[in-house]
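# Descriptive structure summary
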Amino acid sequence: MLELAACATPPFAIVVESAEPSGIDLVVEELLAPLQPMREQLVAITGIGLEPEEEIEAFEARRGEVRAEGNVVLSYIEAGSPTGQRVLFIHGSPGSADEWAALLAEVPRGQLRLAVDRPGFGDTRPYEAVESLTRQAAALRPLLETGDDRGTILVGYSYGGPVALRAALDMPDRVEGLLLIGSAADPAEEDINPLQALLELEAFAELLPDELAHANSELLALRDELAAMAGELHRLRIPVTVIHGLQDTLVPPQNVTYLDRQLTAASPMRVVLIEEGDHFLPWSHVDAINAALGCLVRDVERARRN
């Protein structure tokens, strides 16, 4: 477990240890290891195993919507103090605001936590794919313009990570910190499967559920979108924390090395590596995310005073 004491001196990496398997557990783990990429792909597509144990309504979250750039009506949920530090959670591809249920269940005192349905997903309208990171980030603007002097902390998961980075670059006066979880970043790590290109053809895209078709369109465009953003990342001077599972096969840990090379001005920069963590950290490592977010809030408060 990452302790808040680790906030004192931001290290390059904190590896969250896991218990060593033994006996039959070790045998099963070794047998299933080659199937890990297939398992992660299946979970990402179907969501099987990621359903929250309780419905989001049980967390006293409030559902709202706001008009954004163009004709976008952005749907979101929020929980916590309306006057607290704003923390905005951005889901992956596919996904929705509801996947952050566990992190909205118990909001620390003095925080307002919000989670959005990104354009193309959930209850956000119109229900169509948006491949541009710039447009994805622009849709968040109404939730970042809070009317006070404090900026918002963005938490981006998977595809939501580059959306958070783009928003921080485009709205530097409104974003004060970034927490990137299993985040895509390095264009060189974005391999396009030939099947993805085939599924983008209209005849095949119509056979997919809209959510998966939208996700496929986003991911096909992501490599070029990341490449276009690469030369700007050195401009980010805000606190950044990166959390990544070392067993992530969907977004490889090499993305962490890339972020460390590119975010040269981020201050402080903290990396938390989950030794046995896969891509689904918002479900499997809620406590570690909450602890890292607590550190990041402290970093932002310290930077605000300086």
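Residues numbered from 1 in each chain as written. Predicted model: local features only at pLDDT ≥ 70, side-chain atom pairs only at ≥ 80, totals over all residues. Heavy atoms only, no water.

## Considering the environment of Pro 162
By the secondary structure assignment, Pro 162 is in helix H6 (residues 160-170). As for Pro 162 and Leu 222, which are separated by 60 residues in sequence, their C-alpha atoms are 9.0 Å apart. Every residue in contact with Pro 162, bar those within four places of it in the chain, is listed here: Leu 133, Ser 183, Ala 184, Leu 222, Leu 226 and Met 229. (Helix = DSSP H or I, 4+ residues; strand = E, 2+ residues; numbered from the N terminus. Contact = heavy atoms within 4.5 Å.)

## Looking at the pattern of salt bridges
This structure, assessed with the given rule, holds 12 salt bridges. Of the charged contacts, one joins Arg 62 and Glu 78 as a salt bridge, the two residues approaching to 3.1 Å between their closest N and O atoms. Of the two residues, Arg 62 sits in strand E2 (residues 62-67) while Glu 78 sits in strand E3 (residues 73-80), which places them 16 residues apart along the sequence. A relative accessible area of 17% places Glu 78 in the buried class. In this structure, Arg 63 engages Asp 117 in a salt bridge whose closest nitrogen and oxygen atoms are separated by 3.1 Å. On the criterion of sequence distance, the pair formed by Arg 63 in strand E2 and Asp 117 in the loop between strand E5 (111-116) and helix H4 (133-138) is long-range, its members being 54 residues apart. Residues participating in the shared-partner salt-bridge network are Arg 166, Asp 170, Glu 232 and Arg 235. (Salt bridge = Lys/Arg side-chain N within 4 Å of Asp/Glu carboxyl O. Buried < 20%, exposed > 50% of the residue type's maximum accessible area, 1.4 Å probe, protein only.)

## Focus: the confidence of the model for the protein
Interpretation of this model should avoid reading the predicted coordinates in detail wherever pLDDT is low. Of the residues in the protein, 77% reach a pLDDT of 70 or more, and the chain-wide mean stands at 85. Across residues 21-35, where pLDDT falls below 50, the model places 2 contacts with residues more than four positions away in sequence or in other chains. (pLDDT = per-residue confidence, 0-100.)

## Details of the sheet that holds strand E1 (residues 14-16)
The strand order E1-E9-E8-E7-E6-E4-E5-E3-E2 describes an open sheet built from 9 strands, whose pairing is mixed. A single partner strand is all that each edge strand has here, and the edge strands are E1 and E2. Averaged over all pairs of adjacent strands, the angle between their axes in this sheet comes to 20°, without regard to strand direction. One ladder, built from 3 bridges, connects E1 with strand E9 (residues 269-274); its direction is parallel. Paired with Val 16 across the two strands is Ile 274, which belongs to E9. Taken strand by strand, H6 contacts strand E4 (85-90), strand E6 (152-157) and strand E7 (175-181), and its axis lies near 165° from that of E7. (Pairing = 2+ DSSP bridges. Axes fitted to C-alpha atoms, helices over the stretch in contact; angles between N-to-C directions.)

## Observations regarding the packing of aromatic side chains
For any pair of aromatic rings, the description consists of the separation of the ring centres together with the inter-plane angle of the planes. Throughout the structure, instances matching the rule amount to 4 aromatic pairs. Arranged with centres 5.0 Å apart and planes meeting at 50°, the rings of Phe 89 and Trp 100 form a pair that is tilted. Placement of the pair is Phe 89 in strand E4 and Trp 100 in the loop between E4 and helix H3 (101-104), with a sequence separation of 11 residues. Judged by relative accessible area, Phe 89 falls into the buried class, the value being 0%. Among the aromatic residues, those joined into a cluster by ring pairs are Phe 89, Trp 100, Tyr 157, Phe 280 and Trp 283. (Phe/Tyr/Trp six-rings, centres within 6.5 Å; stacked < 30°, edge-to-face > 60°.)

## What about the side chain of Asn 255?
One can find Asn 255 in helix H10 (residues 254-262). The residues contacting Asn 255, other than those within four sequence positions of it, are Ser 183, Ala 184, Ala 185, Asp 186, Glu 189 and His 244.

## Things to note about unusual backbone geometry
For the bond from Arg 125 to Pro 126, the omega torsion is -5°, close enough to zero to count as cis. Tracing the backbone through its elements, the reader meets Pro 126 in the loop between E5 and H4.

## Quick look at the nonpolar core
Leu 140, Leu 154, Leu 165, Leu 178, Val 240 and Leu 263 are the most contacted members of the largest nonpolar core, which has 47 residues in total. A total of 6 residues in this core trace back to one element, the largest contributor, which is H6. The contact partners of Leu 165, leaving out residues within four places of it in the chain, are Leu 178, Leu 180, Met 229, Leu 233, Leu 236, Leu 259 and Leu 263. Ranked by size, the runner-up nonpolar core spans 29 residues in total, among them Phe 89, Leu 103, Tyr 157 and Leu 296. (Core = buried A, V, L, I, M, F, W, Y, C linked by side-chain atoms within 4.5 Å.)

## Describing the pairing of E2
As judged from the 6 bridges shared by E2 and E3, these two strands associate in the antiparallel manner. Each bridged residue has a counterpart across the sheet, and for Arg 62 the counterpart in E3 is Glu 78. In textbook terms, the turn of a hairpin is the stretch between consecutive antiparallel strands, and for E2 and E3 this stretch comprises 5 residues, one of which, Gly 70, has a positive phi near 70°.

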